[in-house]
Amino acid sequence: MEGVTIHWHGIYQRGTPWMDGVDMVSQCPISPGQSFTYRFIADPIGTHWYHSHLGVQRTDGLAGALIVLPRSERAKKSKSKEFVVMVQDWFHKSSLELTEHFVWDLRRFSFGPDDPRCFFASDILTSDGSLAGFMLFQSGDINGRGI
């Protein structure tokens, strides 16, 4: 188990910078078994998103939409047909396993991709032969559900 923080993209943190959720910068991680309530003014109006800002917990699905409506719209029920879709990669390994894999693969930039001190099992190359990434796409996640 590990700690967690939640970072809010697009939300102004005027007067509450400690609620921004950037671990070890504006907030200490919330320890396993503990709780924390984020309190801030939801501004500006619009569609934003949040995600874990510690390690790669976002790959475990800790992300979502945050919709801030004008005060007048919050009081009445909307008959709109709009909806939010969040799409992201979903890996079959835990975020901790992915972190170890990713950090290991980043070592290539210390020595160069052809240095014998580095081992890389799965380079993903583009059609022109350049490096596109370290991890093969395994599956997707739409609104928190795996596909």
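Everything quoted here is computed from the prediction, not taken from an experiment. (Residues numbered from 1 in each chain as written. Predicted model: local features only at pLDDT ≥ 70, side-chain atom pairs only at ≥ 80, totals over all residues. Heavy atoms only, no water.)

### Brief notes about the overall build of the protein
Step number 1: A tally of regular secondary structure across the protein gives three helices and eight strands.
Step number 2: When the helices and strands of the protein are placed in sequence order, the string is β-β-β-α-β-α-α-β-β-β-β.
Step number 3: Counting all 147 residues of the protein, 28% fall into the buried class.
Step number 4: Counted over contacts in the protein with a minimum sequence separation of 6, partners at least 24 positions apart contribute 57%.
Step number 5: In the structure as shown, the protein presents an accessible area of about 10,600 Å², 58% of it carried by carbon and sulfur atoms. (Helix = DSSP H or I, 4+ residues; strand = E, 2+ residues; numbered from the N terminus. Buried < 20%, exposed > 50% of the residue type's maximum accessible area, 1.4 Å probe, protein only. Contact = heavy atoms within 4.5 Å. Areas by Shrake-Rupley, 256 points an atom, 1.4 Å probe, with all protein chains shown as cover.)

### Brief notes about the nonpolar core
Taken as a class, soluble globular proteins show a tendency for nonpolar side chains to be buried jointly.
Step number 1: Membership of the largest hydrophobic core is limited to seven residues, which are Ile6, Trp8, Ile11, Met19, Ile30, Tyr38 and Val68.
Step number 2: For Val68, the contacting residues outside a window of four places in its chain are Ile11, Ala42, Pro44, Ile45, Gly46 and His48. (Core = buried A, V, L, I, M, F, W, Y, C linked by side-chain atoms within 4.5 Å.)

### Some remarks on the pattern of salt bridges
Think of it this way: side chains of opposite charge can pair up when their charged atoms draw near.
Step number 1: According to the stated counting rule, one finds one salt bridge in the structure shown.
Step number 2: Across the salt bridge formed by Arg14 and Asp43, the nearest N and O atoms sit 3.5 Å from each other. Of this pair, Arg14 sits in the loop between strand E1 (6–9) and strand E2 (46–52) while Asp43 is found in the loop between E1 and E2, placing the two residues 29 residues apart along the sequence.
Step number 3: With relative accessibility at 63%, the residue Arg14 sits in the exposed group. (Salt bridge = Lys/Arg side-chain N within 4 Å of Asp/Glu carboxyl O.)

### Some remarks on a nonpolar patch on the surface
Step number 1: A cluster of nonpolar side chains, Phe83, Val85, Val87, Ile142 and Ile147, forms an exposed patch at the surface whose accessible area comes to about 540 Å².
Step number 2: Summarising the element assignment, Val85 is placed in the loop between helix H1 (71–75) and strand E4 (87–90). (Patch = residues over 30% accessible without salt bridge, like charges linked within 9 Å, V, L, I, M, F, W, Y side chains within 5 Å.)

### Regarding the packing of aromatic side chains
Step number 1: Following the criterion strictly, the structure yields four aromatic pairs and no others.
Step number 2: Ring geometry for Trp8 versus Tyr50: centroids 5.8 Å apart, planes at 45°, classification tilted. A residue pair is termed long-range when its members are at least 10 positions apart, and Trp8 in strand E1 and Tyr50 in strand E2 qualify at 42 residues.
Step number 3: Tyr50 gets classed as partly exposed once you look at its relative accessible area, which sits at 24%.
Step number 4: Taking the centre distance of 4.9 Å and the plane angle of 80° together, the rings of Phe36 and Tyr38 count as edge-to-face.
Step number 5: Chaining the aromatic ring pairs together yields one cluster made of Trp8, Phe36, Tyr38, Phe40 and Tyr50. (Phe/Tyr/Trp six-rings, centres within 6.5 Å; stacked < 30°, edge-to-face > 60°.)

### Description of the sheet that holds strand E7 (residues 139–142)
Step number 1: Ordered by their spatial adjacency, three strands build an open sheet running E4-E7-E8, and the pairing between neighbours is antiparallel. One side of each edge strand has no neighbouring strand; the edge strands of this open sheet are E4 and strand E8 (145–146). (Pairing = 2+ DSSP bridges.)

### Let's talk about the confidence of the model for the protein
Step number 1: For the protein, mean pLDDT is 79; residues scoring 70 or higher make up 75% of the total.
Step number 2: Mean pLDDT across the secondary structure elements of the protein bottoms out at helix H3 (residues 108–111), with 63, and peaks at E1, with 94. (pLDDT = per-residue confidence, 0-100.)

### Structural notes on the sheet that holds E2
Step number 1: Reading across from one edge, E1-E2-E3 is the order of the three strands in this open sheet, with antiparallel pairing throughout. With one partner strand each, in any of the chains shown, E1 and strand E3 (63–68) form the two edges of the open sheet. Pairwise comparison of adjacent strand axes, ignoring direction, gives a mean angle of 25° for this sheet.
Step number 2: Two strands pair when backbone bridges link them, and E1 and E2 are joined in this way by four bridges, in the antiparallel orientation. The residue of E2 that forms the bridge with His7 is His51. (Axes fitted to C-alpha atoms, helices over the stretch in contact; angles between N-to-C directions.)

### Comments concerning the environment of Gln34
Step number 1: Structurally, the position occupied by Gln34 is in the loop between E1 and E2.
Step number 2: Taking the relative accessible area as the measure of exposure, Gln34 reaches 57% and is therefore exposed.
Step number 3: Put simply, Gln34 and Gly3 are 31 residues apart on the chain and 9.1 Å apart in space, counted from C-alpha to C-alpha.

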